[in-house]
Amino acid sequence: MGQNDYSIKTINLTKIYNEKATKVYALQNVNIEVSRGEFVAVCGPSGSGKSTLLNLLGTLDRPTSGKVLIDGIDVYKLSDDKLAELRNRKIGFIFQSYNLINRTTVLRNVLLPAIIKGSVSKDQIKRAFDLLEKLGLKDKAYRKPLALSGGEQQRVAIARALINNPSVILADEPTGNLDSKSGHEVVEYLKYLSKEQNVTVVMVTHNLELAMKSDKVINLRDGRVEKIWVPA
């Protein structure tokens, strides 16, 4: 496969934090390849570099050295404006803490990436309702997030991540605040997105049972790829 055939590819990706007189390698020469529509779990102990990797894939932080290619685009060669545009167009984020705005409605939370873009079309409003319906939340569209359960709030966050039709979803411990049943439902939906919608999903998780539902598991340790394996 050429570099354009992968949804995500990293080349010698390295992130160093300078703390006082010492260099701390958060990531060191990480090389991964994720195909379009693949569902990948990233696992490893605390401090292994999982969230740093996700932040670099999501262009929320810049590497010390190395490359991140998204749909064949060398993202860190882009200007800040172009990078922000790519992030908004191609990448959807799901966080452990939902990151919803509690003072506004579920519907406006879902539409937030479109609002940030500058305009909300009738098609996007229809898409927001369609996403909420698929996630079993259409009747909650005009409620505030705090009126919802944790599992429902995470589903709102998933709908928000999908509103701009991204090619990549990055999920950082998306089940961390959920009970077991809700956690399994969220992962099943991420799996559905990869299989039925051809969305590339990269999920950081501590939960090996949930990681086993993915197509491929990347184990990190001390900022390096320890092993890459396929669940049986």
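So, here's what we can say about the structure. (Residues numbered from 1 in each chain as written. Predicted model: local features only at pLDDT ≥ 70, side-chain atom pairs only at ≥ 80, totals over all residues. Heavy atoms only, no water.)

1. Points about the sheet that holds strand β4 (residues 39–43)
Here is the rule: Pairing between strands is defined by DSSP: at least two bridges between the two strands are required. To qualify as a helix, a DSSP run of H or I must reach at least 4 residues; to qualify as a strand, a run of E must reach at least 2; elements of each kind are numbered from the N terminus. As a rule, the C-alpha atoms of each element are fitted with a line to give its axis, helices using only the stretch in contact, and angles between N-to-C directions run from 0 to 180 degrees. Here, two residues are considered to be in contact whenever any of their heavy atoms come within 4.5 Å of each other.
Overall, mixed pairing links the 6 strands, which are arranged β7-β8-β9-β4-β10-β11 in an open sheet. One side of each edge strand has no neighbouring strand; the edge strands of this open sheet are β7 (91–95) and β11 (224–229). Taking each pair of neighbouring strands and ignoring which way they run, the sheet shows an average axis angle of 20°. Summarising the sheet, strand β10 (residues 216–221) and β11 pair through 5 bridges and their orientation is antiparallel. If you follow Asn219 over to β11, its bridge partner there is Lys227. Along the sheet face, helix α2 (residues 80–90) touches β7 and β8 (168–172) and points at about 70° away from the line of β7. The sheet strands contacting helix α5 (residues 150–162) are β7 and β8, and the helix crosses β7 at an angle near 165°.

2. Regarding the layout of surface pockets
One simple way to see leftover space: roll a probe sized like a water molecule over the atoms. Our working rule: Lining residues are those with an atom within 4 Å of a point, where the points come from a 1 Å grid over the protein atoms alone and group into cavities, where a 1.4 Å probe fits but cannot get out, or pockets, open sets with protein on both sides within 12 Å along at least five of seven lines. Grid points are joined across faces, edges and corners, and a volume is the space filled by probe spheres set on the points. Here the term charged refers only to Asp, Glu, Lys and Arg, the term nonpolar to Ala, Val, Leu, Ile, Met, Phe, Trp, Tyr, Cys and Pro, and the term polar to all other amino acids, Gly among them.
The computed volume of the largest pocket comes to approximately 360 Å³. Listing elements by their share of the lining of the largest pocket, those giving two or more residues are α2, β7, α3 (106–117) and α5. Broken down by class, the residue content of the lining of the largest pocket amounts to 8 nonpolar, 4 polar and 2 charged.

3. Section: the nonpolar core
The nonpolar side chains of a soluble globular protein tend to be buried, and buried together. To keep it simple, the criterion reads: Here, nonpolar core means buried Ala, Val, Leu, Ile, Met, Phe, Trp, Tyr and Cys residues that are tied together by side-chain atoms lying within 4.5 Å of each other. Buried, partly exposed and exposed residues are distinguished by accessible area as a fraction of the type maximum, computed with a 1.4 Å probe on protein chains only: under 20%, between the cut-offs, and over 50%, respectively.
Core analysis: the largest hydrophobic core is formed by 38 residues, its most contacted members being Val110, Leu132, Ile169 and Leu190. Going through the elements one at a time, β4, α3, α4 (122–134), α5, β8, α6 (180–196), β9 (200–204) and α7 (208–211) are the ones with two or more residues in this core. The greatest single-element share of this core, amounting to 6 residues, is contributed by α5. Once you skip the residues sitting within four places of it in the chain, Val110 turns out to touch Ala128, Leu132, Val156, Ala159, Arg160 and Ile163. In this structure, Val30, Val42, Leu53 and Leu220 belong to the second largest nonpolar core, which totals 26 residues.

4. A word on the packing of aromatic side chains
In plain terms, the rule: For Phe, Tyr and Trp, where Trp contributes only its six-membered ring, two rings pair if their centres lie within 6.5 Å, and the inter-plane angle classes them as stacked under 30 degrees, edge-to-face over 60, or tilted in between.
By the definition in use, this model includes 3 aromatic pairs. Between the aromatic rings of Phe129 and Tyr142, the centroid separation amounts to 6.2 Å while the plane-to-plane angle is 55°, which identifies the pairing as tilted. In this pair, Phe129 sits in helix α4 while Tyr142 sits in the loop between α4 and α5, placing the two residues 13 residues apart along the sequence. Classification of Tyr142 as exposed rests on a relative accessible area of 60%.

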